[in-house]
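What follows is each chain in one-letter form.
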Amino acid sequence: MSEPIYLITIGLFVFAILGVFGMRHLSVIAQAKYRAANDEAYRQLAQRAAAAQAENAVALKTLQATLDAVHTRLVSVEKMLKEVG
C-alpha cells in the first residue's frame, strides 16, 4: 500500500471519530440550552399559576363576604315572615 493512500485512510478514520465526538459535544450543548429554556418556561408558568391562585383567593373572599351578607338578609327576611305569618 502506498504511503498517501495509507495516510488518507488513517486521516479519514481519525476525522470520522473526531466528527462523532464533535457532534456529541454539540448535542450536549444544545440539550443544555433547551433544558434551560424549558426550566425558564416552567418557572414563568409557576409564577402565573401563583398569581392566578392569589387572584382566585381574593375573588373567593369577596364572594364569601357577599354570600354572608345575603345569608344575613335571608335570616332577617325569614324572621320577619315568621313574625307576620
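Below, the structure is looked at part by part. (Residues numbered from 1 in each chain as written. Predicted model: local features only at pLDDT ≥ 70, side-chain atom pairs only at ≥ 80, totals over all residues. Heavy atoms only, no water.)

Below, the discussion takes up the overall build of the protein. A count of helices and strands for the protein gives one helix and zero strands. Taken against the 2.2 N^0.38 rule, which gives 12 Å for 85 residues, the C-alpha radius of gyration of the protein at 36 Å runs more than 25% over that of a compact globule. Overall, the protein is about 120 × 20 × 5 Å in size when its C-alpha atoms are taken along their principal axes. When each of the 85 residues of the protein is scored for burial, the buried share is 0%. (Helix = DSSP H or I, 4+ residues; strand = E, 2+ residues; numbered from the N terminus. Rg over C-alpha atoms; globule rule 2.2 N^0.38 Å. Buried < 20%, exposed > 50% of the residue type's maximum accessible area, 1.4 Å probe, protein only.)

Turning our eyes to something else, we now look at a nonpolar patch on the surface. Taken together, the side chains of Met1, Ile5, Tyr6, Leu7, Ile10, Phe13, Val14, Phe15, Ile17, Leu18 and Phe21 make up a nonpolar region of the molecular surface, amounting to roughly 1,200 Å² of accessible area. Assignment of secondary structure puts Leu18 in helix H1 (residues 3–84). (Patch = residues over 30% accessible without salt bridge, like charges linked within 9 Å, V, L, I, M, F, W, Y side chains within 5 Å. Areas by Shrake-Rupley, 256 points an atom, 1.4 Å probe, with all protein chains shown as cover. Salt bridge = Lys/Arg side-chain N within 4 Å of Asp/Glu carboxyl O.)

So, on to the pattern of salt bridges. One pass over the full model with this rule turns up one salt bridge. Across the pair Arg43 and Glu40 runs a salt bridge, and its minimum N-O distance is 2.3 Å. On the criterion of helical spacing, the pair formed by Arg43 and Glu40 is a turn pair, its members being three residues apart in helix H1. Given a relative accessible area of 39%, Arg43 falls into the partly exposed group. Note on Glu40: relative accessible area 34%, which makes it partly exposed.

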